[in-house]
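One letter stands for each residue in the lines below.
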Amino acid sequence: MAGSFGVWDYVVFAGMLLISAAIGVYYALFTETGQKTSSQFLFGGRNMNAVPVALSLTASFMSAINLLALPAEIYRFGTMLSMMAISYLLTIVFCAETFLPVFYRLRMTSTYEYLEHRFNKFVRRVATVLFLLVTVVYTGIVIYIPALAINQVTGFDLWSAVISTGLVCTFYCAVGGLNAVIWTDVFQIGFLIAGFAAIIARTVTIKGGIGPILDDSYKGGRLIFWDFDPNPVKKYTFWTIVIGAFFQWTCLYGVHQAQVQRYNICKSILHAKMSLYMNLLGLWMILAGAIFCGLCLYSLYRDCDPWTAKLVSAPDQLMPYLAMDILQIYPGLPGLFLASAFSGTLSTVSSSISALATVFIEDFIKPFCSSLSERKLLWISKLMNIFFGGVCIAMAGLASTLGGLLQATSTVTSFLNGPLLGVFALGLFFSFTNAKGAIAGLIIGLTMAFWVMIGSYIYPPLSGSNVPLDLSIEGCNISSMILESNWTATTDQPTLPSADHLPPEDTQERPAIADYWYSLSYVYFSALGTLATLIGGLIVSLLTVGVLRCESDLQDDDISHTRL
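Predicted model, so just to flag it, every value in this text is computed and none were measured.

## What to know about the overall build of the protein chain
Okay, so step 1: Regarding its fold elements, the protein chain presents 20 helices and zero strands.
Okay, so step 2: Going through the 564 residues of the protein chain one by one, you find that 57% of them count as buried.
Okay, so step 3: Carbon and sulfur atoms make up 67% of the accessible area of the protein chain, which totals about 22300 Å².

## Quick look at the environment of Ala 425
Okay, so step 1: Relative to the assigned elements, Ala 425 resides in helix α17 (residues 406-429).
Okay, so step 2: Spatially, the C-alpha atoms of Ala 425 and Leu 531 are 9.9 Å apart, while their sequence positions differ by 106 residues.
Okay, so step 3: Residue contacts for Ala 425: discarding those within four places in its chain leaves Phe 430 and Leu 534.

## Some points on unusual backbone geometry
Trans is the prevailing form of peptide bonds, just as negative phi is the prevailing case for residues other than glycine.
Okay, so step 1: Even without glycine at this site, Arg 107 takes up a positive phi of about 55 degrees.
Okay, so step 2: Along the chain, Arg 107 turns up in the loop between α6 (99-106) and α7 (113-118).
Okay, so step 3: Here the phi dihedral of Lys 310 falls at roughly 65 degrees; this positive angle occurs in a residue that is not glycine.
Okay, so step 4: Along the chain, Lys 310 falls in the loop between α13 (269-301) and α14 (318-327).
Okay, so step 5: On the basis of relative accessibility, which here comes to 56%, the residue Lys 310 falls in the exposed class.

## Side note on the nonpolar core
Okay, so step 1: Of all hydrophobic cores here, the largest spans 156 residues; its most connected members are Leu 115, Ile 199, Trp 249, Tyr 253, Leu 276 and Met 319.
Okay, so step 2: Among the elements that take part in this core, helix α8 (residues 121-154) stands out by supplying 17 residues, more than any other.
Okay, so step 3: Counting residues in hydrophobic clusters, the runner-up holds eight residues, among them Phe 415, Met 453, Tyr 524 and Leu 528.

## Remarks on the pattern of salt bridges
Okay, so step 1: This structure, assessed with the given rule, holds 11 salt bridges.
Okay, so step 2: Across the salt bridge formed by Arg 124 and Asp 363, the nearest N and O atoms sit 2.6 Å from each other. Taken together, the residues Arg 124 in helix α8 and Asp 363 in helix α15 (residues 333-365) connect sequence positions 239 residues apart. Here the two residues Arg 124 and Asp 363 agree in accessibility, since each one is buried.
Okay, so step 3: Here Asp 215 ties to Lys 219 by a salt bridge, and the two come within 3.2 Å at their closest N and O atoms. Placement of both Asp 215 and Lys 219 in helix α10 (residues 210-219) is noted, with a separation of four residues, approximately one turn of the helix.
Okay, so step 4: For Asp 215, a relative accessible area of 35% gives the class partly exposed.
Okay, so step 5: Beyond isolated ion pairs, a larger network of salt bridges with shared partners links Glu 73, Arg 76 and Lys 235.

## Remarks on the packing of aromatic side chains
Pairs of aromatic rings are described using the distance from one ring centre to the other and the angle between the two planes.
Okay, so step 1: Scanning the entire structure with this criterion turns up 28 aromatic pairs.
Okay, so step 2: Arranged with centres 6.0 Å apart and planes meeting at 45 degrees, the rings of Phe 94 and Phe 429 form a pair that is tilted. With Phe 94 in helix α5 (residues 84-97) and Phe 429 in helix α17, this residue pair connects regions lying 335 residues apart in the sequence.
Okay, so step 3: Residue classification places Phe 94 among the partly exposed positions, given a relative accessible area of 29%.

## Here we look at the packing of helix α1 (residues 7-29) against α15
Okay, so step 1: As a packed pair, α1 and α15 sit with axes 7 Å apart at the nearest point and diverge in direction by 30 degrees. When the interaxial angle is binned, α1 and α15 end up roughly parallel. For the crossing formed where α1 meets α15, the hand is right-handed. Every residue of α15 that contacts α1 at Asp 9, Val 12, Phe 13, Met 16, Leu 17 and Ser 20 is listed here: Leu 333, Pro 334, Gly 335, Leu 336, Leu 338, Ala 339, Phe 342, Ser 343 and Leu 346.
Okay, so step 2: Residue composition of the contact of α1 with α15, by class: 11 nonpolar, three polar and one charged.

## Brief notes about the side chain of His 256
Okay, so step 1: Tracing the backbone through its elements, the reader meets His 256 in the loop between α11 (238-255) and α12 (257-263).
Okay, so step 2: Residue His 256 is classed as buried on the basis of its relative accessible area of 9%.
Okay, so step 3: Not counting the four nearest positions on each side in its chain, His 256 is found in contact with Phe 61, Thr 111, Phe 131, Thr 135 and Cys 251.

## Side note on α11
Okay, so step 1: The terminal C-alpha atoms of α11, which comprises 18 residues, lie 25 Å apart, in line with the 26 Å expected from a rise of 1.5 Å per residue.
Okay, so step 2: The largest bend along α11 measures about 30 degrees and falls at Trp 249.
Okay, so step 3: For α11, the buried fraction is high: 15 of the 18 residues fall into the buried class.

## With respect to a nonpolar patch on the surface
Okay, so step 1: Residues Val 51, Leu 55, Leu 270, Met 274 and Met 278 make up a contiguous nonpolar surface patch of roughly 400 Å² in combined accessible area.
Okay, so step 2: Mapped by element, the contributors of at least two residues to the nonpolar patch are α3 (50-60) and α13.
Okay, so step 3: Looking at the nonpolar patch element by element, the count peaks at three residues for α13.
Okay, so step 4: Note that Leu 55 resides in helix α3.

## Notes on the side chain of Asp 305
Okay, so step 1: Counting through the fold element by element, Asp 305 comes out in the loop between α13 and α14.
Okay, so step 2: Nearest to the buried, unbridged Asp 305 among oppositely charged side chains is Arg 76, at 7.3 Å.
Okay, so step 3: If near-sequence neighbours (up to four positions away) are discounted, Asp 305 is found in contact with Tyr 75, Leu 471, Ser 472, Ile 473 and Cys 476.

## Thoughts on the packing of α5 against α11
In a packed pair of helices, the relevant descriptors are the angle between the two axes and the axis-to-axis distance.
Okay, so step 1: It is the contact of α5 with α11, at a shortest axis distance of 8 Å, that shows an interaxial angle of 40 degrees. As summarised for this structure, α5 and α11 are arranged oblique, according to the angle between their axes. For the element pair α5 and α11, the recorded crossing hand is right-handed. Between α5 and α11, the contacting residues are Met 84, Ile 86, Ser 87, Tyr 88, Leu 90, Thr 91, Ile 92, Phe 94 and Cys 95 on the first element and Phe 238, Ile 241, Val 242, Ala 245, Phe 246, Trp 249, Thr 250, Tyr 253 and Gly 254 on the second.
Okay, so step 2: Of the residues contributing to the contact of α5 with α11, the split by class is 14 nonpolar, four polar and no charged.

Calculation notes
Residues numbered from 1 in each chain as written. Predicted model: local features only at pLDDT ≥ 70, side-chain atom pairs only at ≥ 80, totals over all residues. Heavy atoms only, no water. Helix = DSSP H or I, 4+ residues; strand = E, 2+ residues; numbered from the N terminus. Buried < 20%, exposed > 50% of the residue type's maximum accessible area, 1.4 Å probe, protein only. Areas by Shrake-Rupley, 256 points an atom, 1.4 Å probe, with all protein chains shown as cover. Contact = heavy atoms within 4.5 Å. Core = buried A, V, L, I, M, F, W, Y, C linked by side-chain atoms within 4.5 Å. Salt bridge = Lys/Arg side-chain N within 4 Å of Asp/Glu carboxyl O. Phe/Tyr/Trp six-rings, centres within 6.5 Å; stacked < 30°, edge-to-face > 60°. Axes fitted to C-alpha atoms, helices over the stretch in contact; angles between N-to-C directions. Parallel < 35°, antiparallel > 145°, perpendicular 65-115°, else oblique. Left-handed = near helix turned anticlockwise from the far one by under 90°. Nonpolar A, V, L, I, M, F, W, Y, C, P; charged D, E, K, R; others polar. Expected span 1.5 Å × (residues − 1). Bend = angle between axes of the 7 residues up to and from the residue. Patch = residues over 30% accessible without salt bridge, like charges linked within 9 Å, V, L, I, M, F, W, Y side chains within 5 Å. Lys, Arg positive; Asp, Glu negative; His and termini not counted.

Keep in mind these numbers describe shape, not what the thing actually does.
Next up, the structure:
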């Protein structure tokens, strides 16, 4: 273990949780904007300015998983992920000019209400159930995985972290409504940036400047920016990142309830669009921080890779290991990094809880209980926030028992978001599509997504394209390495599997399809689900439109003969 937490580290972490909870109390007791009606509670009066909404948009999906995983991916695979800056730009422009104007002008509380108006109630219900399932699973994983990674490196109690973060999120969502969620996101994104800044500043001090870090990264082959290989099974190329990530992020910024809910809280469509474009700057800033943290990781550990040396048991533990290694001499700074990671968890989980409660009330309570008073709806809204907070904490507990299936469960969420985007695209961009096409497209998209997901899990890629860049342990202190490795071995928590370190399989037992179809880069998963849904929905709509027109013509002929 690189170090352990001291009193000041716990003080910093506890302070972050207490301030987050206090923001919820403030909006419950001392403001006039969020507690009179259910609509005000869920949408905060729809009078928010662009700046806090932009910061909240940035924080909502920059979960601790991303904050821990992105630097580790840069460390292992190089800086090709920097091309996500382009996909962010394309996504924000596309969503701001297509999806946002539609949802803002309709002023719908639930995003999925659009599907009922465009198609029918059945399409809306199917999409809503899918959203609820995906969001609950994803949120449970977002709570559990960062807590596990930090626990295994620092010894910070796993279930204290899981339960405390889950309860704090549930508390301020339930008492403060969406206003509390927005402003806690604003507060927490400061911690996100501070965590990156602490790592970068300390590494620059150790290495004597930025130059040596970049020089080490260049010599180690980490500075990779223009790989135009069109091979879709290669993990990171310009095309996989720009095209694949565009679909991933459009699923989130285009049609996800948590983001659409934030657009609709703005006082005007101009502020809504401004929030989205300002959010782009936040995404770029966090991406830059993650990239440079990955280079810091490589510069410090280029001769003694903690993963190869078995000082950590999964790549997402590299950042906590680095923080404990270089920040422990400064009381409170390891706690700042811990608070930074869990700020990402809090912002993502609170957004999910608010979105789950809103969708459930609008899609499953109001249609069947239309006579409820505003006061009763307000209390139901609070209770639904508490209920879904409990469900997400329970899902985190379930995630701890999944073992090797945990990675597959996380992958499922990216697959399922693609078909949901495809259904909305069918309605928004193709006027001739109908409910039959929407349902058929959704079934086709889900089937295609699960086929590839299950195949890739059974037959992990054997291609060298997914193997990390060279890592060395030549400079490791052997005695220290043995001591720390022994500590890691005594940790009794489950570890996360890595596709890169799965045992090789007998190629003679693998079907030919496994080496290209099942080996598709994971970045394309959302694109696959979206395109399959679109193509299937368009074909079925065209076929059924023709049938409906023929039936209509026959009915008109019958009417004409009857009149004659």
